[in-house]
Amino acid sequence: FTVSGNSMLPTLKPGRDVLVWRWFYQPKKGDIVAVKVNGKEIIKRISKTNDRYILIMGDNKKESTDSRNFGPISKEEIIGKVIWY
C-alpha cells in the first residue's frame, strides 16, 4: 500500500509505501491498519475495539477523515495490519 493524504502525519508521510499483514490478525488498540471504507482503501490507527466494531482515527486529527466522520467499522473492513513503514 502507498499512503495518500496527510491524515497519518507525522507517523506516515504521503507517498510512503507500507507493508500490510493480512492473515491471522486480531485487531487491537494502537495498531495501524489498512481498511476499506466506502470502496476506498485507507490507512488509520485503531482507537477503540470491541466484539462488534472498531473505531479508527488518523494521527493528524485536523486533516483526517475517520470514524468521527463515517462511524465505526466492522472487523471485516480491515485489510490488514501495517507491519513495516
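Residues numbered from 1 in each chain as written. Predicted model: local features only at pLDDT ≥ 70, side-chain atom pairs only at ≥ 80, totals over all residues. Heavy atoms only, no water.

**A short note on the sheet that holds strand E3 (residues 40-49)**
Item 1. Read from one edge of the open sheet, five strands run E1-E5-E2-E3-E4, paired in antiparallel fashion. A strand with exactly one partner marks an edge of an open sheet, and here the two such strands are strand E1 (19-21) and strand E4 (54-57). On average, each strand axis in the sheet is inclined to that of its neighbour by 50°, with strand direction left out of account.
Item 2. Pairing of strand E2 (residues 32-37) with strand E5 (residues 78-84) involves three bridges; the strand directions are antiparallel. Opposite Val-33, over in E5, you have Lys-81 as the bridge partner. (Pairing = 2+ DSSP bridges. Helix = DSSP H or I, 4+ residues; strand = E, 2+ residues; numbered from the N terminus. Axes fitted to C-alpha atoms, helices over the stretch in contact; angles between N-to-C directions.)

**So, the confidence of the model for the protein**
Item 1. Scored by pLDDT, the protein comes out at a mean of 93, with 100% of its residues at no less than 70.
Item 2. Taken element by element, the protein is modelled with least confidence in E1, mean pLDDT 94, and with most confidence in E4, mean pLDDT 98. (pLDDT = per-residue confidence, 0-100.)

**Let's talk about the packing of aromatic side chains**
Item 1. Across all of its chains, the model carries one aromatic pair by this definition.
Item 2. Over the face of the ring belonging to Trp-84 we find Arg-16, whose NZ or CZ atom lies 6.0 Å from the ring centre. (Phe/Tyr/Trp six-rings, centres within 6.5 Å; stacked < 30°, edge-to-face > 60°. Lys NZ or Arg CZ within 6 Å of the ring centre and 35° of its normal.)

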